[in-house]
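# Topology and contacts: notes
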Amino acid sequence: QVQLVESGGGLVQPGGSLRLSCAASRSFFSFVNMGWYHQAPGKQRELVATITGGRVNYADSVKGRFTISRDNTKNTMYLQMNSLTPEDTAVYYCCVKPALIGPNYWGQGTQVTVSS
């Protein structure tokens, strides 16, 4: 079992920045996959960015604007979001997969609203 607690969401103006955090209840050093997803109203949950092994993957819509990172000493994953646009408005979820065989674990979500 892994509990995930997200923070850092909020209201920001277009062009602004936010940093989301996802704190895990145990060490995620050996997790096979972790990442961020978002879900806008009326839409399906979509991948934003993931870390698998040493490889990072971004959705085309966020490349060059968002950066995913992790701090193994704090068991925390981050999503730095820059140059935000209203289209980035969504609930953002972190997700981890500790092992190849086994479930994914999701955080509770944090709302990001980009509006003037």
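Now for a description of the structure that goes with this document. (Residues numbered from 1 in each chain as written. Predicted model: local features only at pLDDT ≥ 70, side-chain atom pairs only at ≥ 80, totals over all residues. Heavy atoms only, no water.)

### Looking at the overall build of the protein
What the protein contains, in helices and strands, is zero helices and 11 strands. Helices (α) and strands (β) of the protein occur, in sequence order from the N terminus, as β-β-β-β-β-β-β-β-β-β-β. A compact globule built from 116 residues should have a C-alpha radius of gyration of about 13 Å, and the protein, at 14 Å, falls within 12% of that. Overall, the C-alpha framework of the protein stretches about 40 × 25 × 25 Å when taken along its three principal axes. Buried residues in the protein amount to 44% of all 116 residues. (Helix = DSSP H or I, 4+ residues; strand = E, 2+ residues; numbered from the N terminus. Rg over C-alpha atoms; globule rule 2.2 N^0.38 Å. Buried < 20%, exposed > 50% of the residue type's maximum accessible area, 1.4 Å probe, protein only.)

### Here's the deal with the state of the cysteines
Put plainly, a disulfide is one covalent bond tying together the sulfur atoms of two cysteines. Within this structure, the stated rule accounts for one disulfide. Here Cys22 connects covalently by a disulfide to Cys94, the sulfurs 2.1 Å from one another. Where Cys22 bonds to Cys94 through sulfur, the torsion about that S-S bond is close to 65 degrees, and the disulfide is right-handed. Placement of the pair is Cys22 in strand β3 (residues 18–24) and Cys94 in strand β9 (residues 90–97), with a sequence separation of 72 residues. Here Cys22 matches Cys94 in class, with each residue buried. No disulfide involves Cys95; its sulfur sits 7.8 Å from that of Cys94, the nearest cysteine. (Disulfide = S-S within 2.5 Å.)

### Some thoughts on the nonpolar core
In terms of nonpolar packing, the biggest core is built from 31 residues, with Trp36, Leu79, Met81 and Tyr92 touching the most fellow members. Broken down by secondary-structure element, the contributors of at least two residues to this core are β3, β4 (33–39), β5 (46–52), β7 (66–71), β8 (76–81), β9 and β11 (110–114). The residues touching Leu79, leaving out its near neighbours within four places in the chain, are Leu18, Arg19, Leu20, Trp36, Val48, Ala49, Phe66, Thr67, Ile68 and Tyr92. (Core = buried A, V, L, I, M, F, W, Y, C linked by side-chain atoms within 4.5 Å. Contact = heavy atoms within 4.5 Å.)

### Some thoughts on the environment of Ser21
Among the structural elements, Ser21 can be located in strand β3. Residues Ser21 and Gly42, 21 residues apart in the sequence, show an inter-C-alpha distance of 25 Å. Setting aside anything within four residues of it in sequence, one finds Ser21 in contact with Val5, Glu6, Ser7, Trp36, Thr76, Met77 and Tyr78.

### Here's the deal with the sheet that holds strand β1 (residues 4–7)
One open sheet holds the four strands; their spatial order is β1-β3-β8-β7, and the pairing between them is antiparallel. For this open sheet the edge positions go to β1 and β7, each flanked by a neighbour on one side alone. Across the sheet, the axes of successive neighbouring strands diverge by a mean angle of 15 degrees, strand direction being ignored. Here four bridges tie β1 to β3, and the two strands are oriented antiparallel to one another. For Glu6, the partnering residue across the bridge sits in β3 and is Cys22. (Pairing = 2+ DSSP bridges. Axes fitted to C-alpha atoms, helices over the stretch in contact; angles between N-to-C directions.)

### Some words on the packing of aromatic side chains
Per the counting criterion, the structure on display carries three aromatic pairs. A ring pair is formed by Phe28 and Phe31, whose centres lie 6.1 Å apart and whose planes are at 55 degrees; its orientation type is tilted. You'll find Phe28 and Phe31 in the same group, each marked buried. Ring geometry for Tyr93 against Trp106: centres 6.4 Å apart, planes inclined by 85 degrees, an arrangement best described as edge-to-face. Taken together, the positions of Tyr93 in strand β9 and Trp106 in strand β10 (residues 105–106) put the pair 13 residues apart, joining distant regions of the chain. A connected cluster of aromatic rings, assembled from ring pairs, spans Tyr37, Tyr93 and Trp106. A cation sits over an aromatic face here: Arg45 above Tyr93, 3.7 Å from the ring centre. (Phe/Tyr/Trp six-rings, centres within 6.5 Å; stacked < 30°, edge-to-face > 60°. Lys NZ or Arg CZ within 6 Å of the ring centre and 35° of its normal.)

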